[in-house]
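A look at the structure
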There are 2 protein chains.
Amino acid sequence: MEFKISKDLIQELEQLIQNKDDKQLEVLLNDLHHADIAEILDELDFDEATYIFKVLDSEMTAEILLELEDDLRENILKRLSAKEIAEELDELDTDDAADIIAELSQSKKEEVISELEDLEHAKDIVDLLRYDEDTAGGLMGKELVKVNENWTVLTCVKEMRAQAENVSRVHSIYVIDDEGRLKGRLSLKDLLTTSTKTQISDIYIKKVTSVNVDAEDVEVARIMQKYDLEAIPVVDEMGRLVGRITIDDIIDVIKDEADKDYQLAAGITQDVEANDSVLELTKARLPWLLMGMVIEIVASFVLKNNELAFQKYSTLIIFVPLLSATAGNIGVQASAIVVQGLANGTIKEFSRNYFSKEITVSMISGTIISLFLLLYHSVMYQQYQVGLAISISIIVVILFAATLGTLVPLFLHKNKIDPAIATGPFITTTNDVFGIILYFTIARLVLGY
Amino acid sequence: MEFKISKDLIQELEQLIQNKDDKQLEVLLNDLHHADIAEILDELDFDEATYIFKVLDSEMTAEILLELEDDLRENILKRLSAKEIAEELDELDTDDAADIIAELSQSKKEEVISELEDLEHAKDIVDLLRYDEDTAGGLMGKELVKVNENWTVLTCVKEMRAQAENVSRVHSIYVIDDEGRLKGRLSLKDLLTTSTKTQISDIYIKKVTSVNVDAEDVEVARIMQKYDLEAIPVVDEMGRLVGRITIDDIIDVIKDEADKDYQLAAGITQDVEANDSVLELTKARLPWLLMGMVIEIVASFVLKNNELAFQKYSTLIIFVPLLSATAGNIGVQASAIVVQGLANGTIKEFSRNYFSKEITVSMISGTIISLFLLLYHSVMYQQYQVGLAISISIIVVILFAATLGTLVPLFLHKNKIDPAIATGPFITTTNDVFGIILYFTIARLVLGY
């Protein structure tokens, strides 16, 4: 039921492009969904993609533009004149049009705006460009149906019919006062079953969840999910209705947020993807690698300073990797649970209850690992004192890593820094170094060297 | 605009529960959204929550039940009779009702089903229980509006009115044939603007994206996102329309999938949360820690076997943590990009292009780190041969880790195993061991001990 790209189709298209057989191209593509065509264009080279793009009509291409990979879109936009881009944008909802304009250079931006045909549409788009892309204002569109509380049902139905022409999917009818302030919403059913002379103020529902235009995108996502909304109205500082956000834009926010957390945990700074350039990929990864290197140079000092110890007790040094890895693993586990708890609201701030639970879990894991190592070392190397030092150390290091793993994300969150950083390489390498310091300190105490 | 729980409110509610002041409780809570009440109940203890639950009417409590934390819902369900649970379920959509029944014990399940009042509803729920929860069948609900292609517009409108009573949000009108097979969809606009005698088969839209009842939930999520759908029809093996999936259920799938990847990367096996028990948390974490320990014991053998080397060249051993950490970091970075590429479709299988890009990125990072270390070691320790061994090793280890990091997720994906495992502790510790083996092999070659 779903469309699948085949190699045959790609070859056929390439042949048609070579022959400049525009008619056959149209026949082949016009029946497809714009999302499928976007997928096809992503498989072709830039020239071929641009060729097809120019063959199709602007109603179709406008939608395709939204679905393309970033680099292909950038390339196609470069090959289009300001007038051609404006034609695309005239077909799009204001929020999508604003997103595309935001990708253009400053000079081209102004040119494109001046070429927009529908002035009302142009005004709305320009208005949207003011907002930060990570806020409700940056997500919202201007397409909505709004009615005045002082209208009668009759006026309302007439006005709605005109408004609805510009709105592809009507999610809700919003009610405003003379100042444009959001007062509530109207159910279509009530509107249709009430006498045409009734005033809107007598029938509208006064409860409506809205967000402020400055609200963060993740906050909007949380509210829409909590209240199971398919659209939410956006108001300005004075409570005036300025736009609406639909659920499809929120899905992107949810996915981006999850991707960002995962990337931070994996030690990637920017939002990169497999098809980005070598330079972008290196820029996103090298800083974390260098930071890890610098932190581990500290570890090398600690080892250097304890050289005599492991020349005397040779098995002391061979368990350093085990100790580091265990500290790293337990720290990341502890952080990940806190990060997810903060994201879904089960953790809000430091709680003694939760902390003691984490310490209990680590204590149990630590004791099991520690007893195993004590036994293993005694059997393998018969140096009971060293075995004791190792097994005490592992418990202490595990408890330390669990504490750091729990507290660091809470601290970051409190200071408005993304707590997911705490599951990344910075913390694991830091845990390494502290782990090694603790290890040799305890060994020194137990073995008395 | 959004409701916020206050300590005062919680205290007031606790007082009212103690005084058994049901009237005042209703007054206080009836104005709130069911999602907010669920949040409040999660803050109270089980007895208090159950008390409030019984005060509110079943239309409200049914919705609340869906929003509660798992353990509270389980506890409340235990305290309700089969008849009481059936009353809740009668208020819910079939998919939500089936989800709740699936949580009950086998005996209670049957009791509850026999108590359901609406037989049609009960039949639909029982039908849904057959499907695996990770498939389209497990996600879908039975509430939809469907019309026969052989009907006239007039019959259609009449039938629709009856059907729509059971459907809270009408996303689409589906068209079926006499066998119940999905043929297409109907636009409300066409329906309202056509003569009442017209046959549906003349006006319906033949293009409709559907999913098979056995489709995986993540596949459904991908399709709905790609085509920007707020609802999708589900068909059985014979193409018969059996249900519909709405976008709110898909958001849960997207979030769960992201959470799962993040947890696998953090070394947590089960879907645990901060408020789970110590036992559950330990069960989800200890296996990874033990596995890490066993792998690192291999590392201890490698170090033991090279004891003479680092007694002779003392700075050789002190860079082991740096080497391990760098290998781990680069491996996780490489895997994470592949895992996300597989998830969003930019990577589909092994591609020589992508692999050589990854190797280039690693080569650049490796060379920079390696040159720095060569310089650093020469200045600090003046053992140029050892410095050379270290810096050659770091490049080789980085290239090895990048290769493993790229290939392992692809291999897992090909064998239908979740590739996100490749960003977890198994790979980082394995990289550790291979890194150490490579390091001492290269050192032996360079230094000739």
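Residues numbered from 1 in each chain as written. Chains lettered and ligands numbered in written order. Predicted model: local features only at pLDDT ≥ 70, side-chain atom pairs only at ≥ 80, totals over all residues. Heavy atoms only, no water.

Spelled out, the test is: UniProt positions are given in the numbering used here, feature names are shortened, and annotations may be inferred rather than shown by experiment.
For chain A, an unreviewed UniProt entry supplies the name Magnesium transporter MgtE and the organism Flavobacterium humi. Here chain A is described in UniProt, under the heading Function (unreviewed entry), as follows: "Acts as a magnesium transporter." Taken directly from UniProt, the Sequence similarities (unreviewed entry) text for chain A runs: "Belongs to the SLC41A transporter family."

1. Here's the deal with helix α21 (residues 352-381) of chain B
The line we're drawing: In this text, helices come from DSSP runs of H or I with a minimum length of four residues, and strands from runs of E with a minimum of two, each type numbered from the N-terminal end. Helices are assigned an expected span. That span is 1.5 Å times one less than the residue count.
Over its 30 residues, α21(B) extends 41 Å from the first C-alpha to the last, a length consistent with the 44 Å expected when each residue adds 1.5 Å. Within two residues after α21(B), Q382(B) carries a phi angle of roughly 50°, on the positive side.

2. Description of the domain arrangement of chain A
Heads up, the rule is: The source of the domain bounds is an automatic or database domain assignment.
Looking at chain A, the domain boundaries give domain 1 (7-139), domain 2 (145-255) and domain 3 (278-447). One C-alpha centre belongs to domain 1 of chain A, the other to domain 3 of chain A, and the line joining them spans 50 Å.

3. Description of the interface of chain B and chain A
Note the cut-off: The contact criterion used is simple: two residues touch if any of their non-hydrogen atoms lie within 4.5 Å. We define buried area as the total accessible area lost by two parts upon association, computed with a 1.4 Å probe and summed across both. The term salt bridge refers to a side-chain nitrogen of Lys or Arg lying within 4 Å of a carboxyl oxygen of Asp or Glu. Between N or O atoms, a polar contact is any pair within 3.5 Å; within protein, one atom must be a potential hydrogen donor and the other a potential acceptor, and residues adjacent in sequence are included only when both atoms are from side chains.
Listed as interface residues are 108 residues of chain B and, on the opposing side, 109 residues of chain A. Both faces combined, the contact of chain B with chain A buries some 9300 Å², and carbon together with sulfur accounts for 62% of it. Put simply, chain B and chain A have eight salt bridges between them. Where E43(B) meets K348(A), a salt bridge forms, and the shortest distance between an N and an O atom there is 3.9 Å. Linking chain B with chain A are 30 residue pairs in polar contact (both at pLDDT 80 or more), by the criterion used here. Counting residues per element, the side of chain B that touches chain A draws most heavily on helix α17 (residues 278-305) of chain B, at 17 residues.

4. Looking at the side chain of S335(A)
All names here are of chain A. The condition that has to hold: Each residue is assigned to one of three classes by its accessible area relative to the maximum for its type, calculated with a 1.4 Å probe on protein chains only: buried under 20%, partly exposed between the two thresholds, exposed over 50%.
Looking at the element boundaries, S335 is found in helix α20 (residues 320-344). Take S335: its relative accessible area is 0%, and that puts it in the buried class. For S335, the side chain forms a polar contact with the main-chain oxygen of G405, separated by 2.9 Å. The residues touching S335, leaving out its near neighbours within four places in the chain, are G405, P409, A422 and T423.

5. Some thoughts on the relation of the copies chain B and chain A
In this structure, two copies of a chain are linked by a rotation about an axis accompanied by a shift along it. Stated precisely, the cut-off is as follows: Alignment of the copies relies on least squares applied to C-alpha atoms, considering only residues that score at least 70 for pLDDT in both.
Once turned by 180° and shifted 0.0 Å along the axis, chain B lies on chain A with an RMSD of 0.2 Å. Classification of the inter-copy transformation places it as that of a two-fold axis. Taken together, the interface assignments show that 100% of the residues at the interface of chain B recur at the interface of chain A, consistent with an identical surface on both copies.

6. Considering a nonpolar patch on the surface
All names here are of chain A. Convention followed: Residues form patches when they are more than 30% accessible in relative terms and have no salt bridge. Like charges link within 9 Å. Nonpolar side chains (Val, Leu, Ile, Met, Phe, Trp, Tyr) link within 5 Å. Only the protein chains shown count as covering a residue, and every accessible area follows the Shrake-Rupley method with a 1.4 Å probe.
A cluster of nonpolar side chains, contributed by L388, I392 and V396, occupies part of the molecular surface with about 200 Å² of accessible area. Position of L388 among the secondary structure elements: in helix α22 (residues 384-414). On the basis of relative accessible area, L388 is assigned to the partly exposed category, the value being 36%.

7. Digging into the confidence of the model for chain A
Definition in use: For every residue, the predictor states its confidence as a pLDDT score lying anywhere from 0 to 100.
Of all residues in chain A, 98% attain a pLDDT of 70 or more, and the chain-wide mean is 89. Least confident of the elements in chain A is helix α13 (residues 188-193) of chain A, whose mean pLDDT is 72; most confident is strand β4 (residues 211-212) of chain A, at 96.

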